[in-house]
Amino acid sequence: MNRALTLKGIDFPCPGNNRACYLSFFKALKFQMSLSHPSACLVFIVTFVLHQVVFLMEITSIQNKIQQYLGDGKRLFTTSSFQTHSVVLLHILSRIDRNIPVYFINTGYHFPETIMYKEEVAAALGLRVIDLHPRVPKIMQRNREGNLLFTSDPDYCCFLNKVQPVEGLLELYDVWISGVRADQNTHRRQLPEEAPLEHNTLRYHPVLHWTVQMVEAYIGHFGLPRHPLEEKGYSSIGCEPCTRPAEKDDKRGGRWYGQKKTECGLNAELIQKKN
Ligand code: SF4
């Protein structure tokens, strides 16, 4: 059974299991009691306990899986685009093993705010972040008219700047931990929790079934830093030329706006090659 989906849509008040969490619970309960009927308070308590159990199960399951990989001697890495929701997986990993390398796929097209945010998160969580650069220099990433490739062939641009650099990592590691979520688009909805790749590498999706509500609750509870562009309406943030603020109901709608493209290839090409 998909644990997260059973509670989809509910606003998770508190994903932690610590003093601050219980203080916020009692504060919320007091507020409920001042407004509601006793039965509503009971519902509130049961919902809170359910949320706690779900989060505990989720985080324990991720911890167990990663410990199992490490115990089997597997070499792990993760990639991060340091965008709006990336910090959740990074925080979870930082509490399991800070030595797991975090590769930032530095296309050269990121917003300055993303670069600043990357530095902030890396310092706050004590992460080992490594910038991964494209092999092909930008001077050779031009079309016949001399324009950069994102203007005419974004798939190839993504291949050179994102897919190809990560492909090289698959030879060096056994498990790639990726923070994609099923609720982000229809393609991701079909991904399994573990997917085989080239070079006998496995891709593991620990937060695949997390909902936006869970992610937001987690960030809020731990007071994690937020991407500075989020307050300007950017809910999904990639390269600057291919990102604009999103429409309210379509969180990823600001990516490759007006094009059919919804993925950069990291979550499609590299997985499909083996299937
Ligand atoms: S997102 Fe845009 S700029 Fe970035 S690699 Fe892909 S096409 Fe190029």
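As shown above, the structure is provided for reference.
Below: a short report on this structure.

The rules we used
All chains use their own residue numbering, which begins from 1 and follows the written sequence. Confidence filtering applies because this is a predicted model: local features only for residues at pLDDT of at least 70, side-chain atom pairs given and counted only at 80 or more, and all residues used for totals across whole chains, interfaces and linings. Residues are classed as near a molecule or strand if the C-beta position derived from their backbone is within 6 Å of it. Three residue categories are used. Nonpolar comprises Ala, Val, Leu, Ile, Met, Phe, Trp, Tyr, Cys and Pro, charged comprises Asp, Glu, Lys and Arg, and polar comprises the others, including Gly. Fitted lines through C-alpha atoms serve as axes, helices being fitted only where they are in contact, and the angles separating the N-to-C directions of these axes extend from 0 to 180 degrees. In this text, helices come from DSSP runs of H or I with a minimum length of four residues, and strands from runs of E with a minimum of two, each type numbered from the N-terminal end. For this classification, under 35 degrees means roughly parallel, over 145 means roughly antiparallel, 65 to 115 means roughly perpendicular, and everything else is oblique. In this scheme the handedness of a crossing depends on how the near helix is turned from the far one: anticlockwise by less than a right angle means left-handed, clockwise means right-handed. We call two residues in contact if the C-beta atoms placed from their backbones are at most 7 Å apart. Once C-beta atoms are placed from the backbone, each residue is buried if 20 or more other C-beta atoms lie within 10 Å of its own, exposed if 12 or fewer, and partly exposed for counts between those two.

Our next topic: the site of the ligand. Close to the ligand lie 13 residues, the nearest being P154, C157, C158, C239 and C242. Broken down by class, the residue content of the shell around the ligand amounts to 9 nonpolar, 3 polar and 1 charged.

On to the packing of helix α4 (residues 86-96) against helix α8 (residues 212-222). Between α4 and α8, the shortest axis-to-axis distance is 9 Å and the interhelical angle comes to 60°. Considering the angle they form, α4 stands oblique to α8. For the element pair α4 and α8, the recorded crossing hand is left-handed. Contacts between α4 and α8 involve V87, V88 and H91 from the former and V215, Y218, I219 and F222 from the latter. In terms of residue class, the contact of α4 with α8 is built from 6 nonpolar, 1 polar and no charged.

Positionally, P192 belongs in the loop between α7 (186-189) and β5 (194-196). Owing to 11 C-beta atoms within 10 Å, P192 belongs among the exposed residues under this scheme. A sequence separation of 13 residues divides P192 from H205, and the C-alpha atoms of the two residues are 7.7 Å apart.

For the rest of this paragraph, the subject is α4. An α-helical turn contains 3.6 residues, so a residue and the one three or four places further along point in the same direction. If you check which residues of α4 are buried, you get S86, V87, V88, L89, L90, I92 and L93. On its buried side, α4 packs onto α3 (38-71), β1 (76-80), β2 (102-105), α5 (112-125), β4 (175-177) and α8.

Take unusual backbone geometry next. Non-glycine residue F82 carries a positive phi angle of around 45°. Counting through the fold element by element, F82 comes out in the loop between β1 and α4. Note on F82: 24 C-beta atoms within 10 Å, which makes it buried.

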